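Results of the structural survey
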Amino acid sequence: MMSDSDTFHINTPLLESLELSKRAGTTVFLKMDNGQPSGSFKIRGIGHLCQKIAGPGSKGVVCSSCGNAGMATAYAAKKLHIPATIIVPASTPELMIQKLKDLGATVKVMGKVWDEANTEALQVARTEGLTFVPPFDHPLLWEGHASMIREIKASLPCKPGAVVVAVGGGGLLCGVVEGLKEVGWNDVPIIAMETQGANCLNAAINAGKPVTLADITSEAKCLGAKTVCMQAFEYTKEGNIISEVVTDLEALQSVELFLDDERVLVEMACGAALAAVYSGVIQRLQDQGRLPRQLGPLVVVVCGGSGINLSQLEHLQNKLRI
């Protein structure tokens, strides 16, 4: 395993939040991965994978992304001095496309949703001889994301009562599960948060097998994989993953409240995780007996995201509050 000192990601702050603690009724710590150099947690896994498989002889890397995996790939490629091609779906905000170009990436817009962009990325990898970087479904990604839990273990005075993560394709979830196992926190519950219309994990759990959503109808486009990765689904069978789904409006309200409480602006995908506190999911799970009434510190992974600014926030507000 690569030592954490050789990586492209940074050890991000673990901050106690007085406002969220007050709402949750227990101490809430925020793992601020919005502060990563690529803007989100994705650089942990993608940086690790690129360092392992895209050596000096590589013609370059190609990644399909709604934005954040692309940002991490472009950042890693720049550090490795190799070209990056990022295939994004048409739903990707223009501000994200511009940020990818600013990092030196070649950007191609293909398809309506991520799955269609991914088909194109696989084709480009074959025809142009580029190294394919999967955005969430690869053991090296999960190994990289697990570094987050090692950092939390080093900072937190005791075992957490639960860890809250947003789920898109399931890469972060897999990394968190692996990290918890690595540090001996196997029994810590994980609250896996999704938005309606991008809830591929919840749909798989309900069906008893991975299913493909007909379409991504959520505005949290960075949660927009139509099928969850198999490993994430397999981990749900181990019993300590609690799958919850919130509305787009609840995710948006969480983004707004977090901006007021912590002076930090995050994407709606991250808002889905924050909604575990802001929409009362934690209290409801306690009422249902699925989480203990006396809950240890709650760790919320603030996964970040580069596809948000004031104008994009106003666009979402107008769209979701008509």
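Predicted model only: the values in this text are computed from it and were never measured.

Here the focus is the overall build of the protein. Helices and strands together make up the secondary structure of the protein, namely 14 helices and 10 strands. Taking 20 Å as the expected radius of gyration for a compact globule of 322 residues, we find that the protein reaches 18 Å, a close match to that expectation. Overall size of the protein, expressed as C-alpha extent along the three principal axes, is 55 × 50 × 40 Å. Within the protein, the fraction of its 322 residues that count as buried is 61%. Carbon together with sulfur atoms contributes 51% to the accessible area of the protein, which is approximately 12,400 Å² in total. Separation of charge centres in the protein, based on 28 positive and 32 negative side chains, amounts to 2 Å.

Let us now look at helix 14 (residues 310-320). Among the residues of helix 14, those classed as buried are Gln 312, Leu 313 and Leu 316. End-on, the buried residues of helix 14 take up no more than an arc of 105°, which puts them together on one face. Counted as exposed and oriented over 90 degrees from the buried face of helix 14: Leu 310 and Asn 318. Contacts made by the buried residues of helix 14 are with helix 4 (94-102), helix 11 (248-262) and helix 12 (268-278). Taking the backbone nitrogen of Ser 311 as reference, a side-chain oxygen 3.3 Å away marks Asn 309 as the first, capping residue of helix 14.

Positionally, Ser 64 belongs in strand 3 (residues 61-64). Polar contacts involving the side chain of Ser 64 include one to the side chain of Asn 118, which spans 2.6 Å. When near neighbours in sequence (up to four residues on either side) are disregarded, Ser 64 contacts Ile 87, Trp 114, Ala 117, Asn 118, Ala 121, Val 133 and Pro 135.

Counted residue by residue, helix 12 has 11 buried out of 11 residues, so it is predominantly covered. All of the buried residues in helix 12 are Met 268, Ala 269, Cys 270, Gly 271, Ala 272, Ala 273, Leu 274, Ala 275, Ala 276, Val 277 and Tyr 278. Positive phi shows up at Gly 280, right after helix 12, with a value of about 75°.

Let us look at the nonpolar core. When a protein is soluble and globular, its nonpolar side chains tend to lie buried together. Ranked by internal contacts, the top residues of the largest apolar core, which has 110 residues, are Val 164, Val 165, Leu 173, Ile 191, Phe 258 and Leu 298. The leading source of residues in this core is helix 12, at 9 residues. Apart from the residues lying within four places of it in its own chain, the contact partners of Leu 298 are Thr 26, Thr 27, Val 28, Phe 29, Ala 162, Val 164, Val 277 and Ile 282. With 7 residues, the next largest nonpolar core counts Ala 121, Val 124, Ala 125 and Leu 130 among its residues.

Turning our eyes to something else, we now look at the sheet that holds strand 7 (residues 162-166). Pairing in this open sheet of 6 strands is mixed, and the strands run 1-2-10-7-8-9 from one edge to the other. Every other strand in the sheet has two partners, leaving strand 1 (14-17) and strand 9 (241-246) as the edge strands with one partner each. Mean inter-strand twist for the sheet, computed between neighbouring axes without regard to direction, equals 25°. Two strands pair when backbone bridges link them, and strand 7 and strand 8 (residues 190-195) are joined in this way by 4 bridges, in the parallel orientation. Across the sheet, Val 165 pairs through a bridge with Ala 192, a residue of strand 8.

A word on the environment of Leu 140. Along the chain, Leu 140 falls in helix 6 (residues 139-145). Note on Leu 140: relative accessible area 18%, which makes it buried. Distance from Leu 140 to Ile 46, taken between C-alpha atoms, is 8.0 Å for residues 94 residues apart in sequence. Those residues in contact with Leu 140 that lie beyond four places of it in its chain are Gly 45, His 48, Leu 49, Lys 52 and Ile 53.

Conventions we followed
Residues numbered from 1 in each chain as written. Predicted model: local features only at pLDDT ≥ 70, side-chain atom pairs only at ≥ 80, totals over all residues. Heavy atoms only, no water. Helix = DSSP H or I, 4+ residues; strand = E, 2+ residues; numbered from the N terminus. Rg over C-alpha atoms; globule rule 2.2 N^0.38 Å. Buried < 20%, exposed > 50% of the residue type's maximum accessible area, 1.4 Å probe, protein only. Areas by Shrake-Rupley, 256 points an atom, 1.4 Å probe, with all protein chains shown as cover. Lys, Arg positive; Asp, Glu negative; His and termini not counted. Charge placed at Lys NZ, Arg CZ, Asp CG, Glu CD. Arc of directions from axis to C-beta. Contact = heavy atoms within 4.5 Å. Polar contact = N/O pair within 3.5 Å; in protein donor to acceptor, adjacent residues only side chain to side chain. Core = buried A, V, L, I, M, F, W, Y, C linked by side-chain atoms within 4.5 Å. Pairing = 2+ DSSP bridges. Axes fitted to C-alpha atoms, helices over the stretch in contact; angles between N-to-C directions.

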